[in-house]
Amino acid sequence: MPNPRSEPIDRVEKAFARGDDNALRAAYLQHGSLVYTFCRRTLDDSRAKDVTQEVFISAWRSRARYEPAKGSLAGWLIAITKNRIVDNVRAEQRHSERRSADDPGDLPVDSQVEQLGDRLLIAEALRCLADRARRVITMHYFEDLTHRQIAEQLSLPLGTVKSDLRRGLSQIRHQLESAHG
């Protein structure tokens, strides 16, 4: 049996949707650190671990609703994670209000959770791109280079740079759409 960590993402997504025996484990190995990182950025370590576990349990129980053709598993998991974090934060705010000794202002608001989820999802989508496409997108959007400048620096035809950029952005959009339903 192949190592689930090294299996292609699309194979894991299809196995997860079918409910195959090792699919939950494979999904956790591929996306567990992404989900935990998202949780950890808004919750303490203990709550982040609990919410991460809740996300995968919830995802597995509702796997029949996941459709690989409509979006990536990472995006779907991030959407579930956003909801679990918001639920957790709201519950903590209710408890904080009752205790009134804690400052609920330290807890993130829904929009902050949404933005953080999107940033992590974009980072994950970039990580999953081919090296050249990732480099082209990084040069264009983070280094503010024109298509022509990128083509010159990478010694690529201008059309290749534009195609890499278009395909890469399409993949990133696919990731984001899967998280926003």
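Structure first, text after, so check above.
Just so it is clear, the model here is predicted, and its values are computed rather than measured.

J.: A description of the overall build of the protein chain should follow, citing residues and the corresponding values.
T.: Each helix and strand in the protein chain was counted, giving 8 helices and 0 strands. Beginning at the N terminus, the succession of helices and strands in the protein chain can be written as α-α-α-α-α-α-α-α. Scored against the burial criterion, the 181 residues of the protein chain give a buried share of 42%. Considering only contacts in the protein chain between residues 6 or more positions apart, those separated by 24 or more positions represent 64%. Carbon and sulfur atoms provide 47% of the accessible area of the protein chain, an area that totals close to 10,500 Å².

J.: So what about the packing of aromatic side chains? Which residues, and what values?
T.: Any pair of aromatic rings gets described here by the distance separating the centres and the angle formed by the planes. Under the criterion given, the structure shown has 5 aromatic pairs. On the numbers, 6.2 Å between centres and 70° between planes, the contact of phenylalanine 16 with tryptophan 76 is edge-to-face. With a gap of 60 residues between them, phenylalanine 16 in helix α1 (residues 9-18) and tryptophan 76 in helix α4 (residues 73-99) connect regions that are remote in the sequence. Neither phenylalanine 16 nor tryptophan 76 differs from the other in exposure class; each is buried. A ring pair is formed by tyrosine 28 and phenylalanine 56, whose centres lie 5.0 Å apart and whose planes are at 75°; its orientation type is edge-to-face. Highlighted residues: tyrosine 28 in helix α2 (residues 23-40) and phenylalanine 56 in helix α3 (residues 45-61), separated in sequence by 28 residues. Three or more aromatic residues link up through ring pairs in this structure, and these residues are Phe16, Trp60, Tyr66 and Trp76. The ring of tryptophan 60 carries arginine 63 above its face, with NZ or CZ at 4.1 Å from the centroid.

J.: Kindly report on the packing of helix α6 (residues 131-141) against helix α7 (residues 147-154), identifying the contributing residues and their values.
T.: Put simply, α6 and α7 touch, their axes get as near as 10 Å, and they point 135° apart. It follows from the interaxial angle that α6 and α7 lie oblique. As α6 runs across α7, the sense of the crossing is right-handed. For the pair α6 and α7, the contacting residues are Arg135, Val136, Met139 and His140 in the first and His147, Ile150, Gln153 and Leu154 in the second. In terms of residue class, the contact of α6 with α7 is built from 4 nonpolar, 3 polar and 1 charged.

J.: If you had to explain the pattern of salt bridges to someone new, which residues and values would you point to?
T.: Counting across every chain of the model gives 8 salt bridges. Note that aspartate 20 is salt-bridged to arginine 18, the shortest N-O span being 2.6 Å. Of the charged contacts, one joins glutamate 143 and arginine 135 as a salt bridge, the two residues approaching to 3.0 Å between their closest N and O atoms.

J.: Describe in detail the nonpolar core, supporting the description with residues and values.
T.: Ranked by internal contacts, the top residues of the largest apolar core, which has 31 residues, are Phe16, Leu73 and Ile85. Mapped onto this core, the elements with two or more residues apiece are α1, α2, α3, α4 and α5 (110-128). At 9 residues, α4 tops the list of elements feeding residues into this core. Beyond its immediate sequence surroundings of up to four residues, phenylalanine 16 is in contact with Ala23, Leu24, Ala27, Ala59, Trp60, Arg63, Tyr66, Leu73 and Trp76. Ranked by size, the runner-up nonpolar core spans 14 residues in total, among them Ala125, Leu126, Leu145 and Ile150.

J.: I'd love a proper account of the environment of cysteine 39, names of residues and values included.
T.: Here cysteine 39 shows up in helix α2. Between the C-alpha atom of cysteine 39 and that of arginine 84, which follows or precedes it by 45 residues, the distance is 9.0 Å. The contact partners of cysteine 39, leaving out residues within four places of it in the chain, are Ala48, Val51, Thr52, Thr81 and Ile85.

J.: How would you explain the side chain of serine 58 if you had to name every residue and give the values?
T.: Along the chain, the position of serine 58 falls in helix α3. Given a relative accessible area of 16%, serine 58 falls into the buried group. Excluding residues that lie within four positions of it along the chain, serine 58 makes contacts with Ile80 and Arg84.

Calculation criteria
Residues numbered from 1 in each chain as written. Predicted model: local features only at pLDDT ≥ 70, side-chain atom pairs only at ≥ 80, totals over all residues. Heavy atoms only, no water. Helix = DSSP H or I, 4+ residues; strand = E, 2+ residues; numbered from the N terminus. Buried < 20%, exposed > 50% of the residue type's maximum accessible area, 1.4 Å probe, protein only. Contact = heavy atoms within 4.5 Å. Areas by Shrake-Rupley, 256 points an atom, 1.4 Å probe, with all protein chains shown as cover. Phe/Tyr/Trp six-rings, centres within 6.5 Å; stacked < 30°, edge-to-face > 60°. Lys NZ or Arg CZ within 6 Å of the ring centre and 35° of its normal. Axes fitted to C-alpha atoms, helices over the stretch in contact; angles between N-to-C directions. Parallel < 35°, antiparallel > 145°, perpendicular 65-115°, else oblique. Left-handed = near helix turned anticlockwise from the far one by under 90°. Nonpolar A, V, L, I, M, F, W, Y, C, P; charged D, E, K, R; others polar. Salt bridge = Lys/Arg side-chain N within 4 Å of Asp/Glu carboxyl O. Core = buried A, V, L, I, M, F, W, Y, C linked by side-chain atoms within 4.5 Å.

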